[in-house]
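Each chain, letter by letter, is given below.
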Amino acid sequence: MNQFWGVDADPTAQGRIKGAKPVAVLDIGSNSVRLVVYERHARSLTPLYNEKSSCALGRGIAKSGRLADANIAQALEAIKRFALVTRMMRVGKVYVLATSAVRDAGNRAEFVAAVEAIMDSPVQVLTGEQEAHFAALGVVAGIPGFNGIVGDLGGGSLELSRIVDGADTEGQSFELGVIRLQDDSEGSPAKAAALVHDQLKKSGQTKHQPGASFAAIGGTWRSLAKLHQVSRGYPLQMVQHYIVPAQDMIGLCAEIVQSGSLKHYPGAEHVSSSRRELVPFGAAVIGEVLKAGGFDEVVFSALGVREGYLFGMLDSQEQALDPLIQGAEELSVLRSRSPSHANDLIEFTDQFFRVSGLAETDGEKRLRLVSCLLADIGWRAHPDYRGSQSVDAVAYGGLTGVDHPGRAFLATVIAVRYNGLKIKGISQPLLGLASPEGTARARLIGALFRVAYPITAAMPGILQRIGLAADGNELQLVLPRDLAFLDAEHLRNRFEQFVGLTGFKTSRVRVQ
């Protein structure tokens, strides 16, 4: 096969951000060792590579005080492979973080030295307070505007911290990790729940104002979220920003703790085999946390210590960027025919909202801008599948800073843009996650996109010359004289269809 590159050339694909230098975090936890390589160090992080090895470094440490030799050997073998990955991917900087099991181990110095020799990077052994801090920043990075308590559950410990207006207070660390609890409770989730209950009595972190949210981080809790989604027939199998009423989650956790295992629990096959036996202990922890705090809801975060650590290294100006908009801008650059056309589309939709007088909140405007950035990402697909593939890219993609109703809103806009108002072939349960008001607004914006694209062919410069005007109950599309030939049946039909959603009674395309 002919290649466009030589074996010694830069392996970067054309589908990656130009000039981006990868950054990596090696996270050495009590249950697993995980390497995540990100495309670049930015506000919106895009994983290039993500792999874990379940080494259970925290197993038995509460009794022995040491990392077991067999587990050390397994971890070091995985880390050798991870070191090779970082070299092959030409990672610019590797940050190595170690948490509960390593900081509590009597033989930590020998293990850290071995890791540093393999990775050729220093190992930062986080204190419990540091771990809580970076976990909180991970939530801030992925869920801007979150206020409440953050809990990060690992194999060896549980960290709690409070976020108020984007900043976290001093965190607390508890010896309540799932591996430690499994050992301390002699394998009984019910006994583990009692241990959690007793330790949380000493915590001031669960005390909060009524109506607060609890953000849950950690692989075991992510598995719980997946179980909840399966048991409730939820249409979007994505953990990030998944919100569950606290009482509903408490009920699920009580069922799992009482059963003692996941052997016969519906959806257990969706949980990785390495976590299956730990989930009942994770259920014991979150159930007791939610009861102790009297929270209204739990929101699950796929971003945690790794992402929080990188977020904390950004300057204040970049931290203030919107990760959803930055991520959509990147997708537009990588996948649109002309990324600058999105700016024309933003101005065109701005014009409609000014002319129509339709009210728009800051949150609604934000989603509209993101819709404009994503409106042309499906052009390479077969025409019959552009809609469904674009919806999948939006709804199931790695964008952060957007909740599930927001994903459904964006998916609806794109579905209408490609497939029309009937949006055949698109998952209706998925789109139904948006509110009725949100769905109506998304359909409106998608229909306006269907007016814009036949005029522009996704190229910039033309849409800026097209006007929208209101004359009483009539909405008008205004063309300059040199573009009068655009006034054809196809455009008039699409404009009429759009106007039917606006509240205006009649439509007209006119030339001036």
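Residues numbered from 1 in each chain as written. Predicted model: local features only at pLDDT ≥ 70, side-chain atom pairs only at ≥ 80, totals over all residues. Heavy atoms only, no water.

Caption draft 1: Region of the structure containing the sheet that holds strand β1 (residues 23-28). Spatial strand order, β3-β2-β1-β4-β5: five strands in an open sheet with mixed pairing. Looking at which strands have only one partner, the edges of the open sheet turn out to be β3 (47-53) and β5 (123-125). For this sheet the average axis-to-axis angle between neighbouring strands, irrespective of direction, equals 15 degrees. Two strands pair when backbone bridges link them, and strand β4 (residues 93-98) and β5 are joined in this way by three bridges, in the parallel orientation. What sits directly across from L97, in β5, is Q124. (Pairing = 2+ DSSP bridges. Helix = DSSP H or I, 4+ residues; strand = E, 2+ residues; numbered from the N terminus. Axes fitted to C-alpha atoms, helices over the stretch in contact; angles between N-to-C directions.)

Caption draft 2: Broad picture of the environment of T127. Summarising the element assignment, T127 is placed in the loop between β5 and α5 (128-142). On the accessibility criterion, T127 (36% relative accessible area) is partly exposed. Here the alpha-carbon distance between T127 and S100, two residues 27 residues apart in the chain, equals 7.9 Å. (Buried < 20%, exposed > 50% of the residue type's maximum accessible area, 1.4 Å probe, protein only.)

Caption draft 3: Structural context of the packing of aromatic side chains. In the structure shown here, the tally under the stated rule is nine aromatic pairs. Between F495 and F498, the ring centres sit 6.3 Å apart and the planes meet at 35 degrees, which makes this aromatic pair tilted. With F495 and F498 both in helix α21 (residues 489-499) and three residues apart, the pair spans about one turn of that helix. Residue F495 is classed as buried on the basis of its relative accessible area of 1%. Exposure remark for F498: the relative accessible area of 0% places this residue in the buried category. (Phe/Tyr/Trp six-rings, centres within 6.5 Å; stacked < 30°, edge-to-face > 60°.)

Caption draft 4: A look at the packing of helix α15 (residues 341-356) against helix α20 (residues 436-456). Two elements in contact, α15 and α20, have axes whose closest approach is 11 Å; the angle formed by their N-to-C orientations is 125 degrees. As far as their axial angle goes, α20 and α15 are oblique. In the packing of α15 onto α20, the handedness of the crossing is right-handed. Contacts from H341, L345, F348, T349, F352 and F353 of α15 reach α20 at R441, L444, L448, F449, A452, Y453 and T456. (Parallel < 35°, antiparallel > 145°, perpendicular 65-115°, else oblique. Left-handed = near helix turned anticlockwise from the far one by under 90°. Contact = heavy atoms within 4.5 Å.)

Caption draft 5: Focus on the pairing of strand β15 (residues 506-511). Both strand β14 (residues 474-479) and β15 contribute to a ladder of six bridges, which runs parallel. Counted as the bridge partner of L477 is V509 from β15. With α21 bridging β14 and the parallel β15, this β-α-β connection has right-handed handedness. (Right-handed = clockwise from strand over helix to strand, strands pointing away.)

Caption draft 6: Broad picture of the sheet that holds strand β13 (residues 467-471). Pairing in this open sheet of three strands is mixed, and the strands run β13-β14-β15 from one edge to the other. Two strands bound the open sheet, and with one partner strand each, they are β13 and β15. Recorded for the sheet is a direction-independent mean angle of 25 degrees between the axes of neighbouring strands. Of the pairings in the sheet, the one linking β13 to β14 comprises five bridges and is antiparallel in character. By the bridge assignment for β14, D471 is matched with E474. Together, β13, β14 and β15 form the strand contacts of α21, whose direction differs from that of β15 by roughly 140 degrees.

Caption draft 7: Representation of the confidence of the model for the protein chain. Looking at the protein chain, pLDDT values average 92 and 96% of them are 70 or higher. Considering each helix and strand of the protein chain separately, the mean pLDDT is smallest for helix α10 (residues 273-276), with a value of 82, and largest for helix α16 (residues 362-374), with 98. Here residues 1-7 scores under 50 on pLDDT; set against residues more than four positions off or in separate chains, the count is zero contacts. (pLDDT = per-residue confidence, 0-100.)

Caption draft 8: View of α15. The first and last C-alpha atoms of α15 sit 23 Å apart over 16 residues, in line with the 22 Å expected at 1.5 Å per residue. H341, A342, D344, L345, I346, F348, T349, D350, Q351, F352 and F353 are the residues of α15 that are buried. On its buried face, α15 is in contact with α14 (323-335), α16, α20, β13, β14 and α21. Just beyond α15, the residue with positive phi is G357, at close to 75 degrees. (Expected span 1.5 Å × (residues − 1).)

Caption draft 9: Just the nonpolar core, in detail. Ranked by internal contacts, the top residues of the largest apolar core, which has 109 residues, are F214, W221, I286, F300, L477 and F498. Considering each element in turn, this core owes the most residues, 10 residues, to α20. Within the second largest apolar cluster, 31 residues are counted, among which are L57, A75, A83 and V115. (Core = buried A, V, L, I, M, F, W, Y, C linked by side-chain atoms within 4.5 Å.)

Caption draft 10: Summary view of the pattern of salt bridges. If you walk through the whole model with that rule in mind, you get 22 salt bridges. Notably, a salt bridge pairs E175 with R180, separated by 3.8 Å at the nearest N-O pair. Taking relative accessible area as the criterion, R180 reaches 8% and is therefore assigned buried. Between E474 and R508 there is a salt bridge; the shortest N-O distance is 3.3 Å. Highlighted residues: E474 in strand β14 and R508 in strand β15, separated in sequence by 34 residues. Look at E474 and you get buried, because its relative accessible area is 17%. Residue classification places R508 among the partly exposed positions, given a relative accessible area of 37%. Linked by salt bridges that have partners in common, R59, D183 and E277 make up one network. (Salt bridge = Lys/Arg side-chain N within 4 Å of Asp/Glu carboxyl O.)

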